Amino acid sequence: MNAQQRTSTYNFAYLDEQTKRMIRRAILKAIAIPGYQVPFASREMPMPYGWGTGGVQVTAAILGPNDVLKVIDQGADDTTNAVSIRKFFERVAGIATTTKTSHATIIQTRHRIPEVPLTAGQVLVYQVPNPEPLRFLEPRETETRKMHALEEYGLMHVKLYEDIARNGHIATTYAYPVKIEGRYVMDPSPTPKFDNPKMHMSDALQLFGAGREKRIYALPPHTQVVSLDFEDHPFEVQRFDKPCALCGAEQVYLDEVILDDRGNRMFVCSDTDHCESRRAKGYRGELGGAQ
Amino acid sequence: MSKPHALIVSGLAKSFTMHLRGDIELPVISGADFVLTCGQCAVLGGPSGAGKSSILKMLYGNYAVNAGSIVVRHRGRETDLAGAEPRKILEIRRETIGYVSQFLRVMPRVSALDVVAEPLVFSGAGREEAARRAAGLLQRLNLPERLWALPPATFSGGEQQRINIARGFITDHSILLLDEPTASLDAANRAVVLQMIAEKKAAGVALLGIFHDADVRDAVADTIIDVTGFAPDRRAA
Amino acid sequence: MNIAAPQASALQDDSIEQPLLSVRSLTRYYGTRIGCADISFDIWPGEVLAIVGESGSGKTTLLNCISTRLPPTSGTVSYSMRDGVLHDLFKLREADRRFLLRTDWGFVHQNPADGLRMAASAGANVGERLMAVGDRHYGHIRETAIDWLDRVEIDAGRIDDQPRAFSGGMRQRLQIARNLVTAPRLVFMDEPTGGLDVSVQARLLDLLRGLVNDLGLAVIIVTHDLAVARLLSHRMIVMKDGRVVEQGLTDRLLDDPQAPYTQLLVSSILQG
């Protein structure tokens with residue numbers, strides 16, 4: 001949480017003020033129309049597309065000197081992508097960073113929502129590769145825009161139908177489409193569908209940035225987020241047979257970890273901060289005792 | 001002559017303009033006047049080429065009319081078929097005027113029984129009732145039952161003719177046009193058709209037919225309409 | 001002299017029915033070139049109308065204008081919506097027009113790939129319209145899809161196959177099922193038997209004829225093939241150079257064509 005020395009040759013948070021203003025306008029519009037994809041003039045960032053350029057621009061635009069930033073990739077604070085983005089903002093904004101979910105004011109994420117419920121005042125920034133949920137069956141942008149405008153969402157259920165026809169159940173496990181306030185259908189970015197219920201009526205502000213696709217969309221706090229489904233095939237989240245092997249947590253999202261080349265493996269919390277906090281409080285899973 | 005008229009033709013004229021042959025004009029009928037009376041069978045008489053078929057086709061709406069009127073009693077009203085819009089003609093065909101053509105227009109994959117039942121279904125009868133009546137007619141016309149479920153495309157001329165007759169006779173239309181219905185039938189089936197015509201007459205149906213066989217003509221005709229009287233050249237002369 | 005074209009005479013009808021679709025003075029220019037000009041006709045529930053003409057006669061332009069896929073230069077197209085009121089289609093909101101197109105109307109394209117989702121299964125293709133109008137019960141959607149595959153003579157075992165794996169005739173039958181599943185009242189067809197073998201064509205025509213009769217559909221079918229018009233349609237419009245040359249009852253037009261162009265068509269195609 002130590003404030004870092006900032007590299008003064010860059011403007012605060014890397015982007016120039018005009019650009020930040022442009023992005024903030026897009027964010028405000030996105031907040032005003034929850035779930036609607038607002039086009040914005042995405043800039044080149046000092047990292048390749050696919051590394052979170054959308055999320056980084058959104059973060060840069062909303063970041064203030066007193067913000068505390070947490071960055072996670074697949075739930076982990078210590079992966080390359082998360083570490084680099086954290087370092088980037090330490091350098092160009094001189095802001096404080098953290099791995100503690102509850103300490104952060106802004107959390108930039110790729111593919112997960114923290115297990116601890118977010119609170120009022122926190123902002124969750126998602127890195128989005130493909131913002132258009134209709135794209136998989138309708139390649140024309142003009143047509144998908146019209147479909148959103150006219151609420152023609154039959155196609156979303158075609159995808160779910162295909163899932164059931166092929167697998168006997170809805171097999172989509174991530175980027176599971178949601179309907180916002182009964183109006184726009186939205187792609188929640190490739191988070192596991194396990195996290196979909198956390199988006200519903202969240203106290204935090206949720207912002208989505210797609211850099212390559214040049215779209216920003218948002219969920220203001222307390223927004224209704226409903227996962228699409230069929231009456232006879234209702235939406236369900238993934239279930240895990242065992243609790244976390246390290247901290248014993250149940251009802252959290254687990255990652256599979258291979259332990260050796262003899263097929264041994266364990267399932268542990270994907271949210272590293274959640275796991276560590278629990279272990280610090282003395283919780284132990286079946287393999288956690290050794291630590 | 002207390003019986004009411006079902007159809008009144010007056011001043012009917014027809015000519016063909018052959019645009020592909022230098023617009024030559026082929027007059028066929030001119031100044032045709034006749035009536036069809038309920039419960040009677042009128043027969044069009046005259047040599048081949050005198051325009052008998054053309055008259056039948058005008059009465060059924062297949063040929064355009066150049067002049068004159070064909071007033072038909074339809075839905076309790078007098079309606080002029082000569083100037084009627086297509087929708088009206090279709091309605092009249094569905095409800096009032098039936099037609100037995102010389103040749104069966106074959107529909108692929110539709111069974112003989114369904115071909116016969118179809119006009120009755122179109123006029124609003126239930127499918128089962130229509131199928132029952134169709135079966136009765138085919139039975140009467142001695143069409144072997146093993147053929148009923150087959151499409152008539154491969155049937156012999158006489159068998160197709162009987163399908164056609166059954167199809168024309170199945171409805172309770174008040175006017176029935178017959179174009180050589182007995183031409184390719186054997187004596188036994190011809191007798192059945194004559195009997196069926198007699199029943200239609202008894203039911204008050206007005207019939208108009210073309211019969212080349214003099215015996216048949218004599219057996220069914222209440223009046224003969226001599227088409228030579230409507231020949232355009234005679235007028236011109 | 002000719003059998004009257006069915007314009008004003010519609011009004012003399014004793015019934016209080018109104019046409020399903022009413023086209024008045026419809027004209028479409030492409031720059032200074034005429035696509036179609038001054039077309040007027042009505043179509044009534046349960047009626048099959050064939051629009052016949054050679055390539056470039058304007059029949060496809062006309063079909064696209066009527067089905068609101070192409071805005072006309074002038075003229076009106078009115079449709080009797082389910083509320084029983086005639087609405088000028090080009091004054092409707094786009095949302096309403098598109099809703100009409102996927103519920104109360106069908107559009108069967110000549111090339112099935114234009115009307116199908118080739119990357120979705122047969123069942124999803126049939127079910128899409130149901131889902132679009134809010135059916136959210138997988139079991140019901142699937143049951144309906146199986147029923148419709150059966151009606152268009154596609155084996156239910158193919159329900160999870162993509163149309164890419166289907167023959168041309170099957171694809172076309174699938175496209176028809178996909179359109180009819182919402183029980184539309186009006187179906188547009190653009191050369192539906194166009195690219196098919198003769199035997200496949202016959203089967204499709206026969207199937208269409210049966211469906212049209214059973215469902216009481218109104219159909220506007222564009223074709224250059226007079227045999228198709230003869231088999232399917234009650235009424236015909238013959239077009240040449242963007243204009244109507246002749247219109248009327250189908251068998252009247254074919255048995256006793258009046259206009260020089262219709263005579264040419266009939267003599268050149270149906271000879272023998």
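Residues numbered from 1 in each chain as written. Chains lettered and ligands numbered in written order. Predicted model: local features only at pLDDT ≥ 70, side-chain atom pairs only at ≥ 80, totals over all residues. Heavy atoms only, no water.

## Describing the overall build of chain C
- Per the secondary structure count, chain C includes ten helices and ten strands.
- Overall, chain C is about 60 × 45 × 40 Å in size when its C-alpha atoms are taken along their principal axes.
- Burial statistics for chain C: of 272 residues in total, 58% are counted as buried.
- Partitioning the intrachain contacts of chain C with sequence separation of at least 6 by distance along the chain shows that 66% fall at a separation of at least 24.
- Roughly 10600 Å² of accessible area belongs to chain C as shown, and the carbon and sulfur atoms make up 50% of that amount.
- Seen as two clouds, the 29 positive and the 33 negative side-chain charges of chain C have centres 7 Å apart. (Helix = DSSP H or I, 4+ residues; strand = E, 2+ residues; numbered from the N terminus. Buried < 20%, exposed > 50% of the residue type's maximum accessible area, 1.4 Å probe, protein only. Contact = heavy atoms within 4.5 Å. Areas by Shrake-Rupley, 256 points an atom, 1.4 Å probe, with all protein chains shown as cover. Lys, Arg positive; Asp, Glu negative; His and termini not counted. Charge placed at Lys NZ, Arg CZ, Asp CG, Glu CD.)

## A short note on the confidence of the model for chain C
Residue and element names in this part refer to chain C.
- When pLDDT is averaged along chain C, the result is 89; 93% of the residues meet or exceed 70.
- Of the regions scoring below 50 in pLDDT, residues 1-15 engages in 29 contacts with residues more than four places distant in sequence or in other chains.
- Scored as a whole, the predicted complex attains pTM 0.86, and scored at its interfaces, ipTM 0.89. (pLDDT = per-residue confidence, 0-100.)

## Here we look at the nonpolar core
- Grouped together as the largest cluster of nonpolar side chains are 67 residues, with contacts concentrated most on Y161 and F230 of chain A together with V126, L174, I176, I221 and M236 of chain C.
- Broken down by element, the residue count for this core peaks at seven residues, all from helix α5 (residues 154-167) of chain A.
- Excluding residues that lie within four positions of it along the chain, V126 of chain C makes contacts with A145, W148, L149, L174, A177, R178 and V181 of chain C.
- Counting residues in hydrophobic clusters, the runner-up holds 39 residues, among them A130, W148, L178 and V192 of chain B. (Core = buried A, V, L, I, M, F, W, Y, C linked by side-chain atoms within 4.5 Å.)

## Digging into the packing of helix α6 (residues 168-180) of chain C against helix α7 (residues 198-215) of chain C
All names here are of chain C.
- Interaxial distance between α6 and α7 falls to 10 Å at its minimum, and their mutual angle equals 15°. As judged from the angle between their axes, α6 and α7 are roughly parallel. Handedness of the α6/α7 crossing: right-handed. Here α6 contributes G169, Q172, R173, I176 and L180 to the contact with α7, which in turn contributes V200, R203, L204, L207, L208, L211 and L215.
- When its residues are assigned to classes, the contact of α6 with α7 shows eight nonpolar, two polar and two charged. (Axes fitted to C-alpha atoms, helices over the stretch in contact; angles between N-to-C directions. Parallel < 35°, antiparallel > 145°, perpendicular 65-115°, else oblique. Left-handed = near helix turned anticlockwise from the far one by under 90°. Nonpolar A, V, L, I, M, F, W, Y, C, P; charged D, E, K, R; others polar.)

## Some points on the packing of aromatic side chains
- For the structure on display, the rule yields 18 aromatic pairs over all chains.
- Ring pairs connect the aromatic residues Y10, Y14, F88 and F89 of chain A, which therefore count as one cluster.
- The ring of W44 of chain C has R87 of chain B sitting right over it, with the charged end atom 3.5 Å from the ring centre. (Phe/Tyr/Trp six-rings, centres within 6.5 Å; stacked < 30°, edge-to-face > 60°. Lys NZ or Arg CZ within 6 Å of the ring centre and 35° of its normal.)

## Looking at the sheet that holds strand β3 (residues 41-45) of chain B
Residue and element names in this part refer to chain B.
- As summarised here, the arrangement of the five strands in space is β6-β7-β8-β3-β9, forming an open sheet in which the pairing is parallel. Every other strand in the sheet has two partners, leaving β6 (97-100) and β9 (223-226) as the edge strands with one partner each. Neighbouring strand axes in the sheet, compared pairwise and without regard to direction, differ in orientation by 20° on average.
- Bridge count between β6 and strand β7 (residues 175-179): four bridges; the pairing is parallel. Bridge pairing in β7 links I97 to I175.
- Sitting on the sheet, helix α5 (residues 157-169) touches β6 and β7, and the angle it makes with β6 is about 175°. (Pairing = 2+ DSSP bridges.)

## Some words on the arrangement of the chains
- For the two pairs of chains in contact, the maximum contact count is reached by chains B and C.
- The smallest C-alpha distance separating chain A from chain B is 34 Å, and no contact links them.

## Structural notes on the pairing of strand β8 (residues 205-210) of chain A
Residues and elements named next belong to chain A.
- Counting buried positions along β8 yields six of six residues, so the element is predominantly enclosed.
- Burial of the side chains of β8 extends over both faces: L205, L207 and G209 are buried on one face and Q206, F208 and A210 on the other.
- Inspection of the sheet shows strand β5 (residues 123-127) paired to β8 by five bridges, in the parallel sense. If you follow V125 over to β8, its bridge partner there is L207.
- Relative to strand β9 (residues 215-219), β8 is paired through five bridges, and the arrangement is antiparallel. Bridging across to β9, F208 finds its partner in Y217.

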